[in-house]
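Geometric and topological summary
One-letter residues, chain by chain:
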Amino acid sequence: MKKIFLFLLATMLLTSCGGNGAAVKPADDPARAANFNKTYPIVDSLLKVMTLEEKIGQLVLYTSDWDVTGPSIREGYIEDIRSGKCGNIFNAYTAAYTRKLQEIAVNETRLGIPLLFGYDVIHGFRTIFPINLGISSSWDPGLIEESACVAAREAAAAGLHWTYSPMCDICVEPRWGRISEGAGEDAFLGSAVSRAMVYGYQGADLEDPFTIAACVKHFAAYGAPHAGRDYNTVDMSERWLREFYLPPYKAAVEAGAQTVMASFNEYDGTPATANAHLLTEILRDEWGFDGFVVSDYTGVMEMINHGTSADLADASVKALNAGNDMDMQSGGYSEFLKKAVEEGKVSRKILDEAVRRVLTVKARLGLFSDPFKYCSEEREEAETKTEENLHTALVLAQESCVLLKNHNNILPLSKNSPVAVIGPLANSADDLLGTWRGAGQVEGVKSILDGIKEMAGSVVYTPGCDVEKESQALFSHAEYAARSAGTVIMVLGEPCDWTGEAASRTSIRLPEVQTELLKEIAGTGVPVVLVLLNGRPLDISEESELADAVLEAWYPGTMGGEAVARLLFGEASPSGRLSVTFPRNIGQIPIYYWAKNTGRPYVDIGAKYESRYLDCPNEPLYPFGYGLTYTTFSYGKPVLSSDSFGPGGSITAKATVTNTGSREGCEVIQLYLRDMLGSVTRPVKMLRGFQRVLLAPGESTEVEFTITQEELSFWRKDMTYGPEAGEFRLFIGGDSSCEDYVTFTYND
Ligand code: BGC
């Protein structure tokens, strides 16, 4: 009986109703989202026959016992699947295991509704790309999209349908360990990255079994916890939220992302999990999101700790009513929703809408037509860590590294020259994979030391010290190695579990022993190239004085060892640019380039009553957008097509950029605007465009940017969104500290 019913449903499914007119419109490529807003007759048919328990089961998500990313596991999740109490599973993968669980759902439950399998595919699944902060430092949305596409192919081949990515949390707080998972401090760059990731995961057609559904997280403003402590309170004005924090989430939704994860934090006194303003008013009513919202891990239950619900029953009611469709891991929906619906605390309409959204995403993924189409072991074998995948990882790792200093052009080193490799992280392949490494495995991954051995003439290696233990017993050995080699590559930083979830720190310095080791080696007078592995902006004021060259490598992933070595020895040139400001010290935090001018801007050296510190400059150590390569560039003054425009119009800004050095190099050309007068205060600079260009020695190129009213728009005094008439400054340069500008006016 059940099978016949399913066949009928499957036949109906083949005829999609087409677009439902929802406002999900990818900003720059409507064709890509063609099937992302389809509706399916099977969903209505199912809703008509589902029992209350079966409906609630579709709103329940449990972890398997394979891989746990939070504090609890529910015993007996397999029995929950069999009894229809759990319609979605995460942390279970491989074609074989997902098939096994899927068979239970499809063959042993009354309606045979397929399971949805989710997982944290954050910067790769088997082939691991650099951590996301590194990925964003590439400023290369095309390659970022490709990396997400590779991740999707590998994950989909292992039975997965759904990734908890992109993480769109803007962050100006390096103490927060999860800064490593995002795209940095800027809403414009963050939007480009999140859009690219959604495109990469979801492709042009979700029914294609090589694509997976994206999940925009953590909605919203999770990246702004007070004092940088994970899960801590978030509070900011609605204006600040909308202008500086929401755009990357919105860009991902507009790109067609099928799901959104509510964040752990509160916003304006209400936990995001039950925040109707965020989950319904902004997400659905304003942005037209028609996928489903999932809580974060035990997010529903945590409303008790937040102190806004007395018990899990109340938390479950509040979460669902506010727009949180699916309960990850709390078990509250499963246990309490039936009674809540019967008592009228949750209306049948709200319940049905939530179920409809979940079933619709399953239908969009093609699961009703073939629940096992993601479970092919042959495909899994064929897709995993292919040469192409590894190549993409290599190129992205190269592009994500940022050269911060290169005194006397010490880099690139000549191939085949002798080097001493020193530092506790040089020989670690494991740390290269970073936090949230999916199903990435360290076997076969080359450390930076391994990579260097393939390039240098001879290599002597000593760790020099432990990552953080104070002992200096190996210092003299390291010093001897340095002197005998004549050039030193030091690999220092944080072990990879010092960033990521629940990994906040009150210090953003290197462990003291590592700085001491660097001092010792630099004291020999032997040139030192410092390679940094870390997942947050660090205070490296002292280290960057001591070292001759500094290469920020983040955690560069499966191919990171080779990528770093290729950069050091000139097989590739650095082209990464910081997506986040590096402070001079922790006292400058939060520091970000899009700051406001204030009423007392710092202009005169020595003037007392200006917005400044007594003991430190206002400027960061390295600004947003900064990064060197093995050549230099000069910029001509921007030329505007007109010095004014009005509603519906546009102007273009052109600038000539020349490679003034003797090597080919890639420049990331950045366009910033400043709105000189507003009904509310405006940042002193706002990134509004960027282009990566590759230039041969001596070559010039003319880049062109178009400015429309969108680039000028903001949340005005009356909280409407749009531009205001007046003067604007336009800067084109190589980082956010660029100073030359031209002006234009926008007329009403
Ligand atoms: C994290 C999410 C993650 C989820 C599932 C939570 O602890 O905050 O980012 O997607 O676990 O693993």
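The structure under discussion appears in the preceding block.
This report concerns the structure included in the present document. Keep in mind that this is a model prediction, so the values were computed, not measured.

Reading the values: rules and limits
- Residues numbered from 1 in each chain as written.
- Predicted model: local features only at pLDDT ≥ 70, side-chain atom pairs only at ≥ 80, totals over all residues.
- Heavy atoms only, no water.
- Axes fitted to C-alpha atoms, helices over the stretch in contact; angles between N-to-C directions.
- Helix = DSSP H or I, 4+ residues; strand = E, 2+ residues; numbered from the N terminus.
- Parallel < 35°, antiparallel > 145°, perpendicular 65-115°, else oblique.
- Contact = heavy atoms within 4.5 Å.
- Nonpolar A, V, L, I, M, F, W, Y, C, P; charged D, E, K, R; others polar.
- Pairing = 2+ DSSP bridges.
- Salt bridge = Lys/Arg side-chain N within 4 Å of Asp/Glu carboxyl O.
- Buried < 20%, exposed > 50% of the residue type's maximum accessible area, 1.4 Å probe, protein only.
- Phe/Tyr/Trp six-rings, centres within 6.5 Å; stacked < 30°, edge-to-face > 60°.
- Lys NZ or Arg CZ within 6 Å of the ring centre and 35° of its normal.
- Expected span 1.5 Å × (residues − 1).
- Polar contact = N/O pair within 3.5 Å; in protein donor to acceptor, adjacent residues only side chain to side chain.
- Core = buried A, V, L, I, M, F, W, Y, C linked by side-chain atoms within 4.5 Å.
- Domains from an automatic or database assignment.

Structural notes on the packing of helix H13 (residues 312-322) against helix H14 (residues 332-342)
Packing of H13 against H14 brings their axes to within 9 Å, and their N-to-C directions diverge by 80°. In terms of orientation, H13 lies roughly perpendicular with respect to H14. Between H13 and H14, the contacting residues are Leu312, Ala313, Ser316, Val317, Ala319 and Leu320 on the first element and Gly332, Tyr333, Phe336, Leu337 and Ala340 on the second. Along the lines of polarity and charge, the residues of the contact of H13 with H14 split into nine nonpolar, two polar and no charged.

What about the sheet that holds strand E9 (residues 292-294)?
Taken together, three strands build an open sheet; the order of strands is E5-E6-E9 and the sheet is parallel. Since the sheet does not close on itself, it has two edges, and those belong to strand E5 (215-219) and E9, each with one partner. Along the sheet, successive strands turn relative to each other by an average axial angle of 25°, direction set aside. Here three bridges tie E5 to strand E6 (residues 259-262), and the two strands are oriented parallel to one another. If you follow Val216 over to E6, its bridge partner there is Val260.

Digging into the pattern of salt bridges
Applying the stated criterion to the full structure yields 41 salt bridges. Across the salt bridge formed by Arg692 and Asp140, the nearest N and O atoms sit 3.8 Å from each other. Placement of the pair is Arg692 in strand E22 (residues 686-695) and Asp140 in the loop between helix H6 (132-136) and helix H7 (141-157), with a sequence separation of 552 residues. Since its relative accessible area comes to 17%, Asp140 is described here as buried. The shortest N-O distance in the salt bridge between Glu704 and Lys654 comes to 3.8 Å. With Glu704 in strand E23 (residues 700-708) and Lys654 in strand E20 (residues 650-659), this pair connects stretches of sequence that are 50 residues apart. On the accessibility criterion, Lys654 (30% relative accessible area) is partly exposed.

A short note on the environment of Ala183
Tracing the backbone through its elements, the reader meets Ala183 in the loop between strand E4 (162-163) and helix H8 (187-202). Sequence separation between Ala183 and Asp325 is 142 residues; the distance between their C-alpha atoms is 27 Å. If we skip the residues at most four places from it in the chain, Ala183 touches Leu133, Ser136, Leu189, Gly190, Val193 and Ser579.

Side note on the packing of aromatic side chains
What the rule picks out here adds up to 29 aromatic pairs. Considering the side-chain rings of Phe90 and Tyr297, the 5.7 Å spacing of their centres and the 75° angle between planes classify their relative orientation as edge-to-face. Taken together, the residues Phe90 in strand E2 (residues 88-90) and Tyr297 in the loop between E9 and helix H12 (302-306) connect sequence positions 207 residues apart. Centroid distance Tyr222 to Phe264: 6.0 Å. Interplanar angle 70°. Geometry classified as edge-to-face. Placement of Tyr222 in the loop between E5 and helix H9 (238-245) and of Phe264 in the loop between E6 and strand E7 (266-267) is noted, with a sequence separation of 42 residues between them. Here Tyr222 and Phe264 have matching classes, each one buried. Through a chain of ring-to-ring contacts, three or more aromatic side chains come together here, namely Trp139, Phe188, Tyr593, Phe624, Tyr672 and Phe690. Over the ring of Phe714 we find Arg682; its NZ or CZ atom is 3.9 Å from the centre of that ring.

A few points about H8
Compared with the 22 Å implied by 1.5 Å per residue over 16 residues, the 22 Å span of H8 between its first and last C-alpha is a close match. Here H8 lies mainly inside the structure; 14 of its 16 residues are buried. The opening residue of H8, the one whose side-chain oxygen lies 3.1 Å from the backbone nitrogen of Phe188, is Asp186. Directly after H8, the chain includes Gly203, whose backbone phi takes a positive value near 55°.

A closer look at the sheet that holds strand E13 (residues 459-462)
Across the sheet, which stays open at both edges, the six strands sit in the order E11-E16-E15-E14-E12-E13 with mixed pairing between neighbours. Each edge of the open sheet is held by one strand with a lone partner, namely strand E11 (402-406) and E13. Between one strand axis and the next, the sheet turns through 15° on average, direction left out of account. Two elements, strand E14 (residues 488-493) and strand E15 (residues 528-533), share six bridges in a ladder whose sense is parallel. Bridge pairing links Val491 to Val531 in E15. Contacting strand E12 (419-422), E13 and E14, helix H19 (residues 475-485) runs over the sheet at an angle of about 155° to E12.

Examining unusual backbone geometry
For residues besides glycine, phi is generally negative; the peptide bonds are generally trans as well. Cis peptide bonds are those with omega within 30 degrees of zero, and the linkage from Lys217 to His218 qualifies with -10°. Mapping His218 onto the fold places it in strand E5. Cis geometry marks the peptide bond from Phe219 to Ala220, where omega comes out at 10°. Structurally, Ala220 is set in the loop between E5 and H9. Even without glycine at this site, Trp139 takes up a positive phi of about 50°. Checked against the element boundaries, Trp139 lands in the loop between H6 and H7. Phi is positive for Gln329, which is not a glycine, with a value near 80°. As for its placement among the helices and strands, Gln329 is situated in the loop between strand E10 (327-328) and H14. Overall, the relative accessible area of 4% leaves Gln329 in the buried class.

Details of the nonpolar core
Of all hydrophobic cores here, the largest spans 219 residues; its most connected members are Ile89, Trp162, Phe219, Ile452, Ile489, Met490 and Leu568. The residue makeup of this core includes at least three contributed by each of domain 1 (400-588) and domain 2 (633-746). Contact partners of Met490, with chain neighbours within four places excluded, come to Ile422, Leu517, Leu518, Ile521, Val528, Val529, Leu530 and Val531. Ile651, Phe705, Ile732 and Val742 belong to the second-largest nonpolar core, a separate cluster that totals 23 residues.

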